[in-house]
Every structure is written in C-alpha cells, then in structure tokens.
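Chain and residue survey
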Amino acid sequence: MVTLSQWASAVVCVVAVSTAMAGEVEVLHWWTSGGEARSVGELKKIMQRKGHTWKDFAVTGGGGDNAMTVLKSRVMAGNPPAAAQIKGPAIQAWASEGVLANLDATARAEKWDRLLPKAVADSMKYKGRYVAAPVNVHRVNWMWVNVAVLKQAGVTGVPKTWEAFFADAEKIRKAGFIPVAHGGQDWQDFTTFESVVLGVGGARFYQDALVKLDPKALTSQTMAQALATFRKVKRYTDAASLGRDWNLATAMVIQEKSAFQFMGDWAKGEFTAAGKVPGKHYLCAAAPGTGNAYTFNVDSFAMFKLKDAKAQKAQSDLAAAIMGAEFQEVFNLNKGSIPVRLAMDMAKFDDCAKLSSQDFMAASKAGSLLPSVAHGMAIRPAAEIAIRAAVSQFWNDDTLRVADGLTRIAQAAEVR
Ligand code: GAL
C-alpha cells in the first residue's frame, strides 16, 4: 500500500518534472475578431493547463496579410516565433527556406497519418516530413443570411441562382436595407469573386480558371459573365464599404441592417459569439449556384526550428494539442469551421457545421471539392497577390470594362 507521504512525494516529483520541462510558446496568428479570439483562447487554455506559458503574437488584419509581413521580418532577424498561422502552398515555401521544425515524432506518436485526410496530411509535409499541424476546415463559398430582413422585405426562401439573388436584392433594397454587407478590402473582394466564378462557371471551370490558371478559361466568355455578375453584386453594397473589416460586415447582418454577406464560415463565429442561432436568427446557405461544390480553407500552424529544449517541448505539446480531439472540438465550435481530424463526433455542432461536413464529403465524391484561391490554398503566392489586386481594381473602378478586367486578371496569373 502507498502511504500518504509516499503519494505526496510522488505528486511533488511529477509536478517538478513537468515544471522543469515547462516552456514558452510564442504563437503568431491574426485571430482578433470576437469569434476568432474566443477560439484561439481555447488553445491558450490547453497549453496553460499543460504548464506552459502562452505568448500571444496577434497581428490584426483579416486574411493575414499583415501577419505574414511581420512574420517575414521576425524570421529574417533570426528570431522566429514557435508557431505561426501559415497555410496552403506557403507552408512548402517556408519549409524550403530550411526554417521549419520536423514534427514527425509528435505526428507518429499521435497517429496523424491515420487521423487526417491524405490530401491534408500531404499539404502539412515537406519532403515527407510533417512541418505543420492543421486546425480546421473552413468552407468559403457561404452566403450568410438574416432571417428577419428577408421577412420584412417579403423574400421567401434563400436565392439559389444569381438571377433569383438579384431579384431578391432589389426587393431588399426597396424595403430600406443594404442587400449585401461587404468589407471593401482586397481579400474580401477576392472571397466574393471566387464564389461568383464558382456559381457562374461551375466546379470544372473554377478549377481550370482559378486553380490551373488556364489562359483560355481566364479570358473566356464564362469569365466575362462572372466579372459582369461580380460587378452587379457591388451595386447592392453600401457606399461606406471601402476598407471595412469583415467582422463589421458580419455585424451588419447580425444587426438586421443587411440581408446577405459572402464570407467563409469564420463569419459564423461572430454569430455564435453574439448568441445568434442558425435557422432562427440567420441562415447559412451556399452562394448562388454553388450548392454542389465546396471551396475549402484549412488553417494550420507551421512550427519553426528552436534551440531551447524547453521551448521545443512546449512546441511539440502545442502540435499534439492542436490535433487532439478536445481542441478540435472546442476550437471549431467557436470558430465556425469543422474539425479536420477524421471521425470526430459532431453531436455538439450546429446545423451549419453539420451541413458543411456533409457537403464536404459529397463534394469530395463528386469531384467538386476545391481549394479556396482567395485564402491561399491553391496557387503560388505571387500569382495570388497579383490576381487579387486585379480583381479589386475591377471591383473598385466602375469605368473599367469587363474586357479590361479579363486581360488584367489573365496577365496577373502569369506573375511568378
Ligand atoms: C482566413 C483564415 C480564417 C479567418 C479569416 C479572417 O484567411 O483562414 O481562419 O481568420 O481569414 O481573418
């Protein structure tokens, strides 16, 4: 039998060991809106429970451009954070610089190869070794809808085609609301644009034009139609949209000022944080014409090489926590996304998350599961930045002809 004092000294010993290996994790991210901050706060709590110190390195700016600029200067100065929110092809680009840590030991111990869809696992690896840990799956081609506004405007049901959308938008405007809540920042213009391209051209066309960057698709009649539709959406936004943050646009829908927002499901995090319930206060629907497709955006943390043993231990604990079932559930409940870890119980998730999960599987079978270009999932960063600029220019300058928009986007796609 273990005496009380033996037990007590064993406990002291365990605590001493864990404090001895307690380290600091500095985590760079851009999750500063209400819903985002709640979500990342859950990771902080888990790390603190493990005895580590969380050093928050939050850089404001939706979409993460500011965060990436700050990250570059820190890495160039030889002082990288332990982890940074980096995703898509950018993970490979950072890994090729030789600055990322090898997470294979953690990945093997935690069985990541079995717990992740193969395509996601592959995108977290560089030359076969894990260098990043995935957090979630966001769906980008959503349209967020305020139920009360539709009702007051006499609109029944959510528009499924662009034609129906514009007819409803007209009614909504006449009823005194702003039909589309938009944040006029280039990455938000691009987010709307890719949903319009998908809705107008379909999955195959999206793939050819925006993922393969096929010049024929980029200058086609279908792309011209997508640009004309995109411009028409702008007519239903308000004059004050320029520069507006995405979460303030979401707030316009939450507060019954606007009917619709085109945005990924991090917007749902804002509805959740405001106590709003899907089906009652708001609806999540695929953007017109995109119901059978799914544009995905997988957030992930890449880990940087560190020298200090305690910091390395904290870093591998962070990687394990990110892929752990506890974090995958609580984080995604707040963030609006769904877990990236397979076979998770979805019982606590709302109808939008369940629909996202079902549509993800259906799209994956139908070949219409597509990477979000606007969210860094598909193409080389230089081309993405150039296309985004061309799309925004077209959105902001009504004097530009559709033909000019086509040429500029096609030229941007060539940028290396
Ligand atoms: C996306 C990111 C999301 C969300 C959004 C707005 O690029 O993947 O997690 O944070 O930006 O900041």
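A quick note: this is a predicted structure, and the numbers were derived from the prediction, not measured. (Residues numbered from 1 in each chain as written. Predicted model: local features only at pLDDT ≥ 70, side-chain atom pairs only at ≥ 80, totals over all residues. Heavy atoms only, no water.)

The next thing to look at is the state of the cysteines. Think of a disulfide as a covalent bridge from one cysteine sulfur atom to another cysteine sulfur atom. A full pass over the atoms with the stated rule returns one disulfide. Disulfide pairing places Cys-284 opposite Cys-352 at an S-S distance of 2.2 Å. Taking the sign of the torsion about the S-S bond as the criterion, the disulfide between Cys-284 and Cys-352, at about -105°, is left-handed. With Cys-284 in strand β11 (residues 282–286) and Cys-352 in helix α17 (residues 351–366), the pair connects residues that are 68 residues apart, well separated along the chain. With respect to class, Cys-284 is no different from Cys-352; both count as buried. (Disulfide = S-S within 2.5 Å. Helix = DSSP H or I, 4+ residues; strand = E, 2+ residues; numbered from the N terminus. Buried < 20%, exposed > 50% of the residue type's maximum accessible area, 1.4 Å probe, protein only.)

This part is about the domain arrangement of the protein chain. As far as domains go, the protein chain holds domain 1 (22–137 + 298–355) and domain 2 (139–296 + 366–412). Inter-centroid distance (C-alpha atoms) of domain 1 to domain 2 is 27 Å. Listed as interface residues are 23 residues of domain 1 and, on the opposing side, 25 residues of domain 2. The contact between domain 1 and domain 2 buries some 1,900 Å² in all, and 56% of this surface belongs to carbon and sulfur atoms. Where domain 1 touches domain 2, the interface holds two salt bridges. (Domains from an automatic or database assignment. Contact = heavy atoms within 4.5 Å. Buried area = accessible area lost by both parts, 1.4 Å probe. Salt bridge = Lys/Arg side-chain N within 4 Å of Asp/Glu carboxyl O.)

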